[in-house]
Amino acid sequence: LSQLPGWSVTPDGSIVIATGNDDVLGVYTCTPYNSYGTAGESRPTRVLLKDPPAFTLRPKEEYFQEVGRELVIPCAARGDPPPTITWLQVGSAGKSSARVDVNGSLVLRPLAKEQHGLWECTATNRVASVSAATAVHVLGTSPHAVTNVSVLPLLLAANISWEPGFDGGYFQRFSVWYTPLVKHPPRAHHDWVSLSVPVGAQHLLVENLQPDTSYQFSVLAQNKLGSGPFSQIVTSVPRGRRRLPKPPVPPPRALKHPGGSCCPPTLVSPFFSGFPVTTVPPEPPAMTVRVFLSPPQALSANETARGVLLRWEPPGQASVALSGYALELRQDKGGWEVLDRSIPSTETQVLVPGLIKDAFYEFRLVAFAGSYISDPSNTVNVSTAGMEVYPSRTQLPELLPQPVLAGVIGGICFLSVAVIFSTMAACIMNRRRAARIQKRRQGRSRDPRVWGG
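Residues numbered from 1 in each chain as written. Predicted model: local features only at pLDDT ≥ 70, side-chain atom pairs only at ≥ 80, totals over all residues. Heavy atoms only, no water.

J.: Explain the overall build of the chain to me, please; I cannot follow it from the model alone.
T.: A tally of regular secondary structure across the chain gives one helix and 29 strands. Evaluated residue by residue, the chain yields a buried proportion of 28% over its 453 residues. Partitioning the contacts of the chain with sequence separation of at least 6, the portion at a separation of at least 24 is 59%. Looking at the chain as shown, the accessible area adds up to about 31,100 Å², and 56% of this sits on carbon and sulfur atoms. (Helix = DSSP H or I, 4+ residues; strand = E, 2+ residues; numbered from the N terminus. Buried < 20%, exposed > 50% of the residue type's maximum accessible area, 1.4 Å probe, protein only. Contact = heavy atoms within 4.5 Å. Areas by Shrake-Rupley, 256 points an atom, 1.4 Å probe, with all protein chains shown as cover.)

J.: When you look at the sheet that holds strand S12 (residues 117-124) in this model, what are you seeing that I'm missing?
T.: By definition, the strands of a sheet pair up through backbone hydrogen bonds, in either a parallel or an antiparallel sense. Judged by pairing direction, the sheet is mixed, and its four strands sit side by side in the order S6-S13-S12-S9 without closing on themselves. The open sheet has two edge strands with one neighbour each: strand S6 (62-66) and strand S9 (84-89). The sheet shows a mean angle of 25 degrees between the axes of neighbouring strands, taken without regard to direction. Relative to strand S13 (residues 129-139), S6 runs parallel, the two sharing five bridges. Each bridged residue has a counterpart across the sheet, and for glutamine 65 the counterpart in S13 is valine 138. (Pairing = 2+ DSSP bridges. Axes fitted to C-alpha atoms, helices over the stretch in contact; angles between N-to-C directions.)

J.: Sorry, what's going on with the sheet that holds strand S10 (residues 99-100) here?
T.: What the three strands build is an open sheet, ordered S7-S11-S10; its pairing is antiparallel. With partners counted over all chains shown, the strands left at the sheet margins are strand S7 (71-73) and S10, one partner each. Bridging between S7 and strand S11 (residues 106-108) involves three bridges; their strand directions are antiparallel. Bridge assignment links leucine 71 to a residue of S11, and that residue is leucine 108.

J.: Help me understand the pattern of salt bridges, please; the structure alone is not making it clear to me.
T.: Any two side chains of opposite charge can pair, given that their charged atoms come close. Summed over the entire model, instances satisfying the criterion amount to five salt bridges. Between aspartate 80 and lysine 50 there is a salt bridge; the shortest N-O distance is 3.8 Å. Of the two residues, aspartate 80 is situated in the loop between strand S8 (76-78) and S9 and lysine 50 in the loop between strand S4 (45-47) and strand S5 (54-57); the sequence distance between them amounts to 30 residues. Taking the relative accessible area as the measure of exposure, aspartate 80 reaches 31% and is therefore partly exposed. By relative accessible area, which is 42% here, lysine 50 ends up partly exposed. (Salt bridge = Lys/Arg side-chain N within 4 Å of Asp/Glu carboxyl O.)

J.: Please clarify how the environment of cysteine 121 should be interpreted in this entry.
T.: Following the sequence through the fold, cysteine 121 ends up in strand S12. A relative accessible area of 0% places cysteine 121 in the buried class. Along the chain, cysteine 121 and proline 59 lie 62 residues apart, while their C-alpha atoms are 8.2 Å from each other. Residues in contact with cysteine 121, not counting those within four places in the same chain, are Phe55, Cys75, Ile85, Thr86, Trp87, Val130, Ser131 and Ala132.

J.: Help me understand the nonpolar core, please; the structure alone is not making it clear to me.
T.: Generally speaking, nonpolar side chains in soluble globular proteins are found buried as a group. Residues Ile160, Trp162, Val176, Val206, Phe217 and Val219 are the most contacted members of the largest nonpolar core, which totals 19 residues. Of all the secondary structure elements, the ones that give two or more residues to this core are strand S14 (147-154), strand S15 (157-163), strand S16 (173-180), strand S18 (203-206) and strand S19 (215-223). Here the element with the most residues in this core is S19; it accounts for four residues. Residue contacts for tryptophan 162: discarding those within four places in its chain leaves Val146, Thr147, Asn148, Val149, Phe174, Val176, Val197, Ala201, Gln202, His203, Leu204 and Val219. Listed in part, the 18 residues of the second largest apolar core include Leu310, Leu329, Ala359 and Leu365. (Core = buried A, V, L, I, M, F, W, Y, C linked by side-chain atoms within 4.5 Å.)

J.: I'm lost on the state of the cysteines in this one. Help?
T.: When the sulfur atoms of two cysteines share a covalent bond, that bond is a disulfide. Here the structure, examined in full by the defined rule, presents one disulfide. One disulfide in the model links cysteine 75 with cysteine 121; its S-S distance is 2.0 Å. As the torsion about the S-S bond is roughly -85 degrees, the cysteine 75-cysteine 121 disulfide counts as left-handed. Of the two residues, cysteine 75 is situated in the loop between S7 and S8 and cysteine 121 in strand S12; the sequence distance between them amounts to 46 residues. Accessibility classification places cysteine 75 together with cysteine 121 in one group, the buried group. (Disulfide = S-S within 2.5 Å.)

J.: I'm lost on the packing of aromatic side chains in this one. Help?
T.: The description of an aromatic ring pair uses the distance of the two centres, along with the angle that the planes make with each other. One pass over the structure, following the stated rule, counts eight aromatic pairs. Linked through ring pairs, Tyr178, Tyr215 and Phe217 together constitute an aromatic cluster. (Phe/Tyr/Trp six-rings, centres within 6.5 Å; stacked < 30°, edge-to-face > 60°.)

J.: Help me understand the side chain of glutamine 115, please; the structure alone is not making it clear to me.
T.: Checked against the element boundaries, glutamine 115 lands in the loop between S11 and S12. Since its relative accessible area comes to 4%, glutamine 115 is described here as buried. A polar side-chain atom of glutamine 115 sits 3.0 Å from the main-chain amide nitrogen of alanine 112. (Polar contact = N/O pair within 3.5 Å; in protein donor to acceptor, adjacent residues only side chain to side chain.)

J.: Please explain unusual backbone geometry as it appears in this structure.
T.: Excluding glycine, residues mostly carry a negative phi; peptide bonds, for their part, are mostly trans. Cis geometry is found at the peptide bond from aspartate 80 to proline 81, where omega equals 0 degrees. Here proline 81 lies in the loop between S8 and S9. Geometrically, the link from arginine 109 to proline 110 is a cis peptide bond, its omega value of -10 degrees lying close to zero. Positionally, proline 110 belongs in the loop between S11 and S12.

J.: Honestly, the environment of threonine 179 in this entry has me stumped. Any pointers?
T.: With respect to the element layout, threonine 179 can be found in strand S16. Classification of threonine 179 by relative accessible area gives buried; the value is 0%.

J.: For this particular structure, what's the right way to read a nonpolar patch on the surface?
T.: Together, Val417, Ile420, Phe421 and Met424 line one region of the surface with nonpolar side chains, adding up to about 410 Å² of accessible area. Along the polypeptide, methionine 424 turns up in helix H1 (residues 402-446). (Patch = residues over 30% accessible without salt bridge, like charges linked within 9 Å, V, L, I, M, F, W, Y side chains within 5 Å.)

In short, the description is geometric, and any link to function would need to be established separately.
Right, dumping it as structure tokens:
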């Protein structure tokens, strides 16, 4: 082995070949021995040369495409044996609707918002695996959720910072939402407070907070197409002003009657010796109230001619007054988004129109009681495949009131009648004008002028 450059034997008897070439081809055996001899050689093993995968066509670093359209990302490799091409969306927990064609290219049809992110192409054979990554940017969507939200507690304030998500191809702005976690809400309906963030900033100072009170913070991104999902909720307690410790108070002493008998003890303050004062018993400590708020029950969905009708039952357990509900949805296994956060507590059903055709939706409901939020209800699934009653838009417009609708219809009818009368008047005027012109021509032909010399 010393005559072969790059070959060596390790202490455990293994052969290390630094560079594989045609010289390594062949059959090998290993013979162990010591001072007593050997028990024989090992079974023969054959060394073959195989090529690891190597990309012949790598994907570009990033791709930009509008939502709903088709995006094809090529990826090809060679090797011995021929490698297998697989694609994976990095960080995706759900199953993707993407497919890989016979050439190893990734086909995203139609492109969805949830397919935004980092994708990885991997070529694998028996020798090794190699990977190449690319970034897919889905344009024409609402913003993605911000990440890495952190809260720095300050004196009666908190500094919230975050990292923006993808803006969906449009300018995005941010707002910070917060609410105190109090046992006794100061008002019946305790809403979250929102603060707008200056343009271009990725942090916000929230001031005038109560000391020693837990607060929940969340960040919301918005662009011209709507709001993205809320960020994860972060809980923090602002710092309060430090209080100096009170000086120790000596125990009170009893006054004795001049005659020597001890009268009923009167407590005397050591700081006002000789002047008896009446002590006030301390206030009893506040009792801790534990809040129970179970999620809404028996959420169900029924398809109607006007949309999807959701019905539910109120929470079974609630130790405080119910304030309302919030409806959340997600499309095609994407992220959850708040659809309506102002459903009254007296309602047990809501109509959801305006869903996109040929899509898969999931709905769930949460209950509010003051500043407390319940766990989500059961999830109901709705598929709009093959339906003809849903317009192709994602917004949920409210139905027009009957007086407004009647006015709109009346205006349309008035305009239609006006157009008809204008057309008829124009036709009559054109006919009269043509008749006058023809009459003049006929008069000239019947009265010719004769000229003589």
